[in-house]
Amino acid sequence: MLKLTFLGTSAGVPTKQRNVTALAIECLNPYLSGSNQGNDKQNNPNKKSRPWLLIDCGEGTQQQLLHTKLSMRQLVAICITHVHGDHCYGLPGLLASAAMSGRREPLTLVAPKAIATLLEAITATTELHLPFALNFVAIEEVLSEQRDTNKVNIRLSDQHQLNIDITLLSHRVASHAFGITQTIQHRTLDTDKLLKQGIPASALWGKLQQGHDVITEDGQQLCAADYVNDDLSRTRVVVAGDNDTPACLTTALVDTDLLVHEATYTHEVLTKIQGKNPEFDPMHSSAQLVTDFVEKSGVNNLILTHFSARYQGFNNPNSKTPNMAHIRLDAETVFKGNLWLAADFDQYMVDGAVDSVSNQEGRQKGCQKENRVQYIGSARSY
Ligand SMILES: [Zn+2]
Ligand SMILES: [Zn+2]
């Protein structure tokens, strides 16, 4: 289960309503309740754990974070799609503030090599000292060394894992999409079956759930394999950076619950911009270009973001002033799936499929959920 919080949804420059790009993805484990949410007891014994990733870090992202409940201490990785300033100028400030607030936990940074050069220059010139390990993963190296998988693995606990795969997109500089796949293993005990067989709740149930065969007081031998199911929950979200060719994502979108993609303009505006200055193509997508592709891709849930500052926040298809209704209409001309236009602080819950492996009946693919993606409100608190 992944919870998305949009921290910035504007392209290029911020507006009064929208900051530049950043997206937080919290990795929730629904099998752990309340304060144990996502807790990894070995590494994190004493505090609430809600590990999260940050995709892109435009200027001002740390200020946006102050309006949410996200904790910098729980940030496990930052992924930067490309080197344009509206996607990375917030990174040095965010790291410096994390250092000043006493963070000691190591942090993974997945980014183009040039981001390491940027941080080295800032470290050398501004007395920046990070009191935590920064595990830098250069995208170029991942793409060249692991042609088949392109995966960065982050282990949150024995049962809870994240895989990040990287896809090269088409933009003025090398830009990338991150495929975030969360897997959670969970073992359930078939209590109905036990009760039907006259075996009431006792310490034996706990032993069976842990996979031990047991003998009841009246001498019945119970095989754990007959009473436990191993569930594997898998949720996959693909978050694309700036990109003028959505078809680059064809392979990445297989078995994906949700795509987050830029839609900088309507198609009409994109064509006008390209026509006005043939020497300079900004290499962005229109809403129509994205939905045209996604409609054929089999992905049913799409969130558009990274809107040009020319679009005002109101919704009026009849207004001459560019506004969000124009983007929505452009997208809806072809797309019949679930579509959302992101606003700053919007939150969405993404809940993937659960495969159940009953040791008696074999693997049952399924438990397909109807509404994989739900808008759950605004994260903003003042
Ligand atoms: Zn951008
Ligand atoms: Zn860009």
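What counts and what doesn't
- Residues numbered from 1 in each chain as written.
- Chains lettered and ligands numbered in written order.
- Predicted model: local features only at pLDDT ≥ 70, side-chain atom pairs only at ≥ 80, totals over all residues.
- Helix = DSSP H or I, 4+ residues; strand = E, 2+ residues; numbered from the N terminus.
- Rg over C-alpha atoms; globule rule 2.2 N^0.38 Å.
- Contact = placed C-beta atoms within 7 Å.
- Core = buried A, V, L, I, M, F, W, Y, C linked by C-beta atoms within 7 Å.
- Buried ≥ 20, exposed ≤ 12 C-beta atoms within 10 Å, placed from the backbone.
- Pairing = 2+ DSSP bridges.
- Right-handed = clockwise from strand over helix to strand, strands pointing away.
- Axes fitted to C-alpha atoms, helices over the stretch in contact; angles between N-to-C directions.
- Domains from an automatic or database assignment.
- Nonpolar A, V, L, I, M, F, W, Y, C, P; charged D, E, K, R; others polar.
- Arc of directions from axis to C-beta.
- Parallel < 35°, antiparallel > 145°, perpendicular 65-115°, else oblique.
- Left-handed = near helix turned anticlockwise from the far one by under 90°.
- pLDDT = per-residue confidence, 0-100.

A few words now on the overall build of the protein chain. Across its full length, the protein chain holds 10 helices and 19 strands. What you see for the protein chain is a C-alpha radius of gyration of 23 Å, in line with the 21 Å of a compact globule of 382 residues. Seen along its three principal axes, the alpha-carbon backbone of the protein chain occupies a region of about 85 × 50 × 45 Å. By sequence separation, contacts in the protein chain at least 24 residues apart represent 68% of the contacts at least 6 residues apart.

Leu 23, Ile 25, Val 239 and Leu 304 are the most contacted members of the largest nonpolar core, which totals 73 residues. Once residues lying within four places of it in the same chain are set aside, the contact partners of Ile 25 are Leu 2, Leu 4, Trp 52, Leu 53, Ile 55, Ile 180 and Val 237.

Another aspect to go through is helix H9 (residues 287-297). Every buried residue of H9 is accounted for by Ala 287, Gln 288, Leu 289, Val 290, Thr 291, Phe 293 and Val 294. Check the buried side of H9 and you find it contacts strand E13 (258-262), helix H8 (267-276), strand E14 (301-305) and helix H10 (324-332). Once H9 finishes, Gly 298 follows within two positions and takes phi at roughly 90°, a positive value.

Time to look at the pairing of strand E5 (residues 107-111). When strand E4 (residues 75-79) meets E5, the two strands line up parallel, connected through 3 bridges. When the bridges of E5 are listed, Ala 77 appears paired with Thr 108. The pairing of E5 with strand E6 (residues 134-138) spans 5 bridges and is parallel. Residue pairing in the sheet places Ala 111 in a bridge with Ala 138 of E6. This β-α-β element, E5 to helix H4 (residues 113-126) to E6, shows right-handed connectivity.

Read from one edge to the other, the open sheet built from 8 strands follows the order E6-E5-E4-E3-E2-E1-E16-E19, with strand pairing classed as mixed. Each end of this open sheet is capped by a strand with a single partner; those strands are E6 and strand E19 (373-378). Ignoring strand direction, the axes of neighbouring strands in this sheet form an average angle of 20°. Of the strand pairs in this sheet, strand E3 (residues 52-57) and E4 are connected by 4 bridges, and their pairing is parallel. Across the sheet, the residue bridging to Leu 54 is Ile 78, located in E4.

For the rest of this paragraph, the subject is the domain arrangement of the protein chain. The domains assigned to the protein chain are domain 1 (2-188 + 228-378) and domain 2 (191-226). Relative placement of domain 1 and domain 2: their C-alpha centres are 44 Å apart. On the domain 2 side, the residues contacting the 4 residues of domain 1 number 6 residues. Looking at side-chain class alone, the side of domain 1 that touches domain 2 contains 1 nonpolar, 2 polar and 1 charged residues.

Time to look at H10. At 3.6 residues per turn, the α-helix brings residues three or four places apart onto the same side. All of the buried residues along H10 are His 326, Ile 327, Asp 330 and Ala 331. In a view along the axis of H10, the buried residues occupy a sector of 135°, so they form one face of it. Structurally, H10 contributes buried residues whose contacts are with H8, H9, E14 and strand E15 (338-341).

Moving on: the environment of Ile 139. Mapped onto the fold, Ile 139 is located in helix H5 (residues 139-145). Since 24 C-beta atoms lie within 10 Å of it, Ile 139 is described here as buried. Between the C-alpha atoms of Ile 139 and Pro 112, which are 27 residues apart in sequence, the distance is 5.1 Å. Sequence-distant contacts of Ile 139, that is, excluding residues within four places in its chain, are made with Val 110, Ala 111, Pro 112, Ile 166 and His 176.

Geometrically, a packed helix pair is captured by the angle between its two axes and the distance between the axes. Interhelical geometry of H9 versus H10 gives an angle of 30° and a closest axis separation of 7 Å. Considering their axes alone, H9 and H10 lie roughly parallel with respect to each other. Helix-helix and strand crossings are classified by hand; for H9 and H10 the assignment is right-handed. Counting all contacts with H9, which are made through Ala 287, Gln 288 and Thr 291, the residues of H10 involved are Ile 327, Asp 330 and Ala 331. Taken together, the residues of the contact of H9 with H10 sort by class into 3 nonpolar, 2 polar and 1 charged.

In the predicted model, the protein chain carries a mean pLDDT of 90, and the fraction of residues at 70 or more is 91%. Taken as a whole, residues 34-47 scores under 50 in pLDDT and shows 23 contacts with residues more than four places along the chain or in a different chain.

The next thing to look at is the pairing of strand E12 (residues 228-240). Relative to E12, strand E9 (residues 176-189) is paired through 13 bridges, and the arrangement is antiparallel. Across the sheet, the residue bridging to Gln 182 is Thr 235, located in E12. As judged from the 3 bridges shared by E12 and E13, these two strands associate in the parallel manner. For Val 239, the partnering residue across the bridge sits in E13 and is Val 260.

The residue Ser 49 is located in the loop between strand E2 (22-27) and E3 in this model. Taking the number of C-beta atoms within 10 Å as the measure of exposure, Ser 49 has 23 and is therefore buried. Spatially, the C-alpha atom of Ser 49 lies 9.7 Å from that of Cys 27, the residues being 22 residues apart in sequence.

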